[in-house]
Amino acid sequence: MKHTRLILGIILILLLFALMLYYSLDHNNHDPDPKYIIDHYKQFNTTKVTLTGDVKNVDRTNHTLLIQLSSSPGDILLVNTTEPLNSTQPGDVVEVYGTLSSGTHMTAETVLISERWKDDLIYVRSLPAIPFALYLFFSTWRFNRSTRRFERRQKHV
Amino acid sequence: MSDWFTHTLVGWITGKTTKQDVALVVIGSLIPDLVKINLAFTWLGLSDPQFFEPLHTPIGAFLVAGIIAIFFPDIRKAFVPLGIGVSTHFILDFFLVHVRGGIKLLYPFSWEGWQVYLYRSDDYLITVIALLAALVIYAIYWYHAKRKKSLITKQ
């Protein structure tokens, strides 16, 4: 029973690693990443895909957006959409769902546009969480190096 | 994704109201977003940042909670609040608006994503509501603690 925790830890880590390895090896068959979609766009001619990126240019006359894909920065996509682009500006963050007609052109069915400042604000709003969580945790628990476990601080026992 | 502050606030509210270890519920509420490690991998140009995606699935996040719980005196007592925190994270993320797809709730048994499109991730009103709710709950608990203390002093 002495090594129960160690064995449990190893089992859990192996399970997690297996889960991540399976995802890594098989995700392009179920939920392909943007780079794979662009590189193999012919495979996706009949299926609709979701891509995200930053707006590089807005053409309100022709209802098109030029998008730089976020997870594949080298790739630029021209998106045709019927949705209003009146308030869309270069730099805004966009999520598009539609059909690829080539490696650089998509006809969008749905477009979700976030203003850049609102998107950046998500990260700014996230910052207080780190000191908040650390303060809460370390005011309740402390790490005992000899037992290699966290133990409750006296006032919280 | 909802922002981390909203996740921690909702975790704090849940921990307080369910009388769980608030610190562990809050830590648990951030576990699924360990997936953001993939941003570092993308930035470093290392291959396949998708490797970490299962951290943002219930089974992956609960496995991480289990690994963390091992470092506490009572594994079960640590795992329960961590698990509650993980659950609050997924409940909050479940209502995010996307163009398609959602959280892979049943991965690795299914790759399908589920989502109820209710609020946008860039909607800061959710953070404001969570902050106000946390302040109200903090005030209620503070008032009760103060009242209890004064009653004990009188006795």
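See above for the structure.
Because the structure is predicted, anything quoted here is derived from the model rather than measured.

Draft legend 1. Helix H4 (residues 129–140) of chain A, seen in detail. Between its first and last C-alpha atoms H4 of chain A spans 17 Å; for twelve residues at 1.5 Å apiece the expected length is 16 Å, and the two agree. In the core, the buried residues of H4 of chain A are packed alongside helix H3 (116–126), strand E6 (141–144) and strand E7 (149–152) of chain A together with helix H1 (4–17) and helix H2 (22–30) of chain B.

Draft legend 2. Quick peek at the side chain of His27 of chain A. Within the fold, His27 of chain A resides in helix H1 (residues 4–30). At 3.3 Å, the side chain of His27 of chain A and the side chain of Asn28 of chain A are in polar contact.

Draft legend 3. Looking closely at empty space enclosed by the protein. Across all of its chains, the model carries one cavity of 30 Å³ or more by this definition. Put simply, the largest cavity is a space of about 40 Å³. What lines the largest cavity is a set of eleven residues, among which Arg125 of chain A together with Tyr119, Ser121, Asp123 and Ile126 of chain B lie closest to the centre. Taken together, the residues of the lining of the largest cavity sort by class into three nonpolar, four polar and four charged.

Draft legend 4. Broad picture of the pattern of salt bridges. For the coordinates displayed, the defined rule picks out ten salt bridges over all chains. A salt bridge links Arg100 of chain B to Glu109 of chain A; its shortest N-O distance comes to 3.6 Å. A residue pair is termed interchain when its members come from two chains, as with Arg100 of chain B in the loop between helix H5 (75–94) and helix H6 (125–154) and Glu109 of chain A in strand E5 (residues 105–114). Of the residues examined, Arg100 of chain B reaches a relative accessible area of 39% and is grouped as partly exposed. Accessibility expressed as a relative area gives 38% for Glu109 of chain A, which makes it partly exposed. Among the salt bridges present, the one from Arg152 of chain A reaches Asp21 of chain B, with a minimum N-O distance of 2.6 Å. With Arg152 of chain A in strand E7 and Asp21 of chain B in the loop between H1 and H2, this pair bridges two chains. Relative accessible area serves as the criterion here: at 31%, Arg152 of chain A is assigned to the partly exposed category. Three or more residues are tied together by salt bridges with common partners; here these are Lys48 and Glu109 of chain A together with Arg100 of chain B.

Draft legend 5. Highlighting the interface of chain B and chain A. Contacts between the two partners involve 47 residues from chain B and, on the opposite side, 51 residues from chain A. Taken as a group, Phe51, Val99 and Trp111 of chain B account for 17% of the area that chain B buries against chain A, more than any other trio of residues on that side. Where chain B touches chain A, the interface holds four salt bridges. At the junction of chain B and chain A, the tally comes to 21 residue pairs in polar contact (both at pLDDT 80 or more). Counting only elements with at least two residues in the side of chain B that touches chain A, the list comes to H1, H2 and helix H4 (58–69) of chain B. For the side of chain B that touches chain A, the element with the most residues is H4 of chain B, which contributes seven residues. Among the residues making up the side of chain B that touches chain A, the classes are represented as 30 nonpolar, seven polar and ten charged.

The rules we used
Residues numbered from 1 in each chain as written. Chains lettered and ligands numbered in written order. Predicted model: local features only at pLDDT ≥ 70, side-chain atom pairs only at ≥ 80, totals over all residues. Heavy atoms only, no water. Helix = DSSP H or I, 4+ residues; strand = E, 2+ residues; numbered from the N terminus. Expected span 1.5 Å × (residues − 1). Contact = heavy atoms within 4.5 Å. Polar contact = N/O pair within 3.5 Å; in protein donor to acceptor, adjacent residues only side chain to side chain. 1 Å grid on protein atoms, 1.4 Å probe; cavity = no way out; pocket = protein on both sides within 12 Å on 5 of 7 lines; lining within 4 Å. Points joined across faces, edges and corners; volume = space filled by probe spheres on them. Nonpolar A, V, L, I, M, F, W, Y, C, P; charged D, E, K, R; others polar. Salt bridge = Lys/Arg side-chain N within 4 Å of Asp/Glu carboxyl O. Buried < 20%, exposed > 50% of the residue type's maximum accessible area, 1.4 Å probe, protein only. Buried area = accessible area lost by both parts, 1.4 Å probe.

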